[in-house]
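So the chains spell out like this:
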Amino acid sequence: MVLVTGGAFQGKKAYAMETFSLEEAVTADGASCFWDDIYRAQAILHFHEYIRRCLEAGREVDTLADRLFRRNPEAVIVVNELGSGVVPVEAFDRHYRETTGRICCELAKRASEVHRVVCGIGTVIKNG
């Protein structure tokens, strides 16, 4: 598993697509894909949006990182870094931000590689 993270609009998708030779046809967009698509796709884009959708729908997310790692261990996961900036006023948004962070920490522990992208430039922050 590979985790690609960074701030919004920093070029994470383009970086992941080029670095890992991916095509759109092998990706799942977390903002709109079917629930089980993340277990089949080579890459999951907007994974933070998938988590948001799960929370809004009342779906269980406590074991999401474990399920994803077991069922799709070769996936490239592209996710926005949500922990910087102003703390949201709304309780749901704070819960979403914290939940996303916790899931990404768990994925990063298990991932073979973690890349951080800033201004379209990726830095490998974990390898092996």
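Everything numeric here is computed off the predicted structure, so don't read it as measured data. (Residues numbered from 1 in each chain as written. Predicted model: local features only at pLDDT ≥ 70, side-chain atom pairs only at ≥ 80, totals over all residues. Heavy atoms only, no water.)

Engineer: Sorry if this is basic, but what is going on with the packing of helix α2 (residues 47–57) against helix α4 (residues 91–110) here?
Structural biologist: Pairs of packed helices are described in terms of their axes, by the angle between the two and the distance that separates them. Relative to each other, α2 and α4 sit at 125°, their axes nearing to 10 Å. With respect to each other, α2 and α4 are oriented oblique. For the pair α2 and α4, the sense of crossing is right-handed. Across the interface between the two elements, Phe 47, His 48, Glu 49, Ile 51, Arg 52, Leu 55 and Glu 56 of α2 pack against Phe 92, Asp 93, His 95, Tyr 96, Thr 99, Thr 100, Ile 103 and Leu 107 of α4. Tallied by class, the residues present in the contact of α2 with α4 amount to seven nonpolar, four polar and four charged. (Axes fitted to C-alpha atoms, helices over the stretch in contact; angles between N-to-C directions. Helix = DSSP H or I, 4+ residues; strand = E, 2+ residues; numbered from the N terminus. Parallel < 35°, antiparallel > 145°, perpendicular 65-115°, else oblique. Left-handed = near helix turned anticlockwise from the far one by under 90°. Contact = heavy atoms within 4.5 Å. Nonpolar A, V, L, I, M, F, W, Y, C, P; charged D, E, K, R; others polar.)

Engineer: What should I look at first to understand the packing of aromatic side chains in this one?
Structural biologist: What describes a pair of aromatic rings is the distance from one ring centre to the other and the angle between the planes of the rings. All told, the structure shown has two aromatic pairs when counted by the stated rule. Here Phe 47 and Tyr 50 contribute two aromatic rings whose centre-to-centre distance is 6.1 Å and whose plane-to-plane angle is 10°, an arrangement assigned as stacked. Of this pair, Phe 47 and Tyr 50 are both found in helix α2, three residues apart, which corresponds to roughly one turn of the helix. Taken as a pair, Phe 47 and Tyr 50 share a single burial class, namely buried. (Phe/Tyr/Trp six-rings, centres within 6.5 Å; stacked < 30°, edge-to-face > 60°. Buried < 20%, exposed > 50% of the residue type's maximum accessible area, 1.4 Å probe, protein only.)

Engineer: What is the right way to read the environment of Phe 9 from this model?
Structural biologist: Within the fold, Phe 9 resides in the loop between β1 (2–6) and α1 (12–19). The exposure class of Phe 9 is exposed, given its relative accessible area of 85%. Distance in space between the C-alpha atoms of Phe 9 and Val 117 is 9.8 Å, their sequence separation being 108 residues.

Engineer: Hey, could you run me through helix α3 (residues 64–71) in this one?
Structural biologist: Working note: α-helix, 3.6 residues per turn, so residues spaced by three or four point in the same direction. All buried positions along α3 are accounted for by Leu 64, Ala 65 and Leu 68. For α3, the angular spread of buried residues about the axis comes to 100°, placing them on one side. Elements that come into contact with the buried residues of α3 comprise β3 (43–45), α2, β4 (76–80) and α4. (Arc of directions from axis to C-beta.)

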